[in-house]
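# Breakdown of the fold
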Amino acid sequence: MTGAPDPAQLGPSARVACVIDSALPKVWDVFIPVSLPDLFPKAKGPIPPVVDVRDQTGRWDEVGRTRTVVLGDGNTAREKITYSDPSGGQAASDRAKFAYAVSGFTGPFAYLVREAHGHWVFTPGADGTHVGWTYGFRTASLVARPLVGLMAWSFWKAYMRDGLMHFKALAERH
């Protein structure tokens with residue numbers, strides 16, 4: 001994906017996928033304005049829920065847009081869109097990709113992770129829209145890498161899976 005590193009190449013990573021029983025344009029129309037607190041309402045081990053999103057302006061599908069994600073423990077991180085196709089509110093029927101970078105972590109996580117990158121890929125299929133989400137962490141040090149790897153494969157992957165299932169339910173209701 002142009003303009004965005006492959007999350008799996010950064011360091012510890014996780015990937016989840018599902019099929020949503022809805023056409024890609026409808027899935028994309030739900031994805032762009034989706035509320036992060038609706039996707040991540042519960043903690044997963046040491047990973048707190050998302051309770052708010054601040055400082056976002058405009059549609060969340062234009063490269064360069066930023067926002068602050070607020071977690072249930074009061075810590076925050078900054079998200080920035082690095083790739084969006086389509087963008088500008090245009091629904092596509094044959095493809096959709098979305099990538100973002102996360103930085104500026106506060107709290108204990110700031111000592112473990114320098115940045116993270118997420119990629120979403122939406123592909124139409126005969127059985128609905130295939131959705132894949134990959135997330136990778138660039139650790140703050142080599143010492144942090146095994147701990148972040150353990151967290152990515154246990155708690156973070158489960159957190160992603162829960163978020164994706166919440167998204168699937170939302171997309172299938174619309």
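Scroll up a little and you will see the structure.
Residues numbered from 1 in each chain as written. Predicted model: local features only at pLDDT ≥ 70, side-chain atom pairs only at ≥ 80, totals over all residues. Heavy atoms only, no water.

### Focus on the sheet that holds strand β3 (residues 66-71)
Here we have seven strands laid out as an open sheet, ordered β1-β7-β6-β5-β4-β3-β2, and antiparallel in their pairing. Taken across any chain shown, the strands that pair with only one partner, and hence form the sheet edges, are β1 (13-20) and β2 (50-54). Going from strand to strand, the sheet's axes swing by 20° on average, the running direction of each strand aside. Alignment of strand β5 (residues 96-103) against strand β6 (residues 113-125), held across seven bridges, turns out to be antiparallel. Of the residues in β6, the one forming a bridge with Ala101 is His117. Packing of helix α2 (residues 24-31) onto the sheet brings it into contact with β1, β4 (76-85), β5, β6 and β7 (128-139), and relative to β6 it is tilted by some 150°. Its contacts with the sheet put helix α4 (residues 144-173) on β1, β2, β6 and β7, and the angle it makes with β1 is roughly 15°. (Pairing = 2+ DSSP bridges. Helix = DSSP H or I, 4+ residues; strand = E, 2+ residues; numbered from the N terminus. Axes fitted to C-alpha atoms, helices over the stretch in contact; angles between N-to-C directions. Contact = heavy atoms within 4.5 Å.)

### Considerations on the nonpolar core
Of all hydrophobic cores here, the largest spans 43 residues; its most connected members are Trp120, Phe122, Tyr135, Phe137, Trp156 and Phe167. Elements with a contribution of two residues or more to this core: β1, α2, α3 (36-39), β4, β5, β6, β7 and α4. Ranked by residue count, the leading element in this core is α4, at 10 residues. Residues in contact with Phe167, not counting those within four places in the same chain, are Ile20, Val27, Val30, Phe31, Val34, Leu39, Trp120 and Phe122. (Core = buried A, V, L, I, M, F, W, Y, C linked by side-chain atoms within 4.5 Å. Buried < 20%, exposed > 50% of the residue type's maximum accessible area, 1.4 Å probe, protein only.)

### Digging into the packing of α2 against α4
For the pair α2 and α4, interaxial distance at closest approach is 9 Å and the crossing angle is 120°. Taken as axis vectors, α2 and α4 run oblique relative to one another. Note on packing geometry: the crossing formed by α2 with α4 is right-handed. Taken together, the residues of α4 that come into contact with α2 (itself represented by Val27, Val30 and Phe31) are Phe167, Leu170 and Ala171. (Parallel < 35°, antiparallel > 145°, perpendicular 65-115°, else oblique. Left-handed = near helix turned anticlockwise from the far one by under 90°.)

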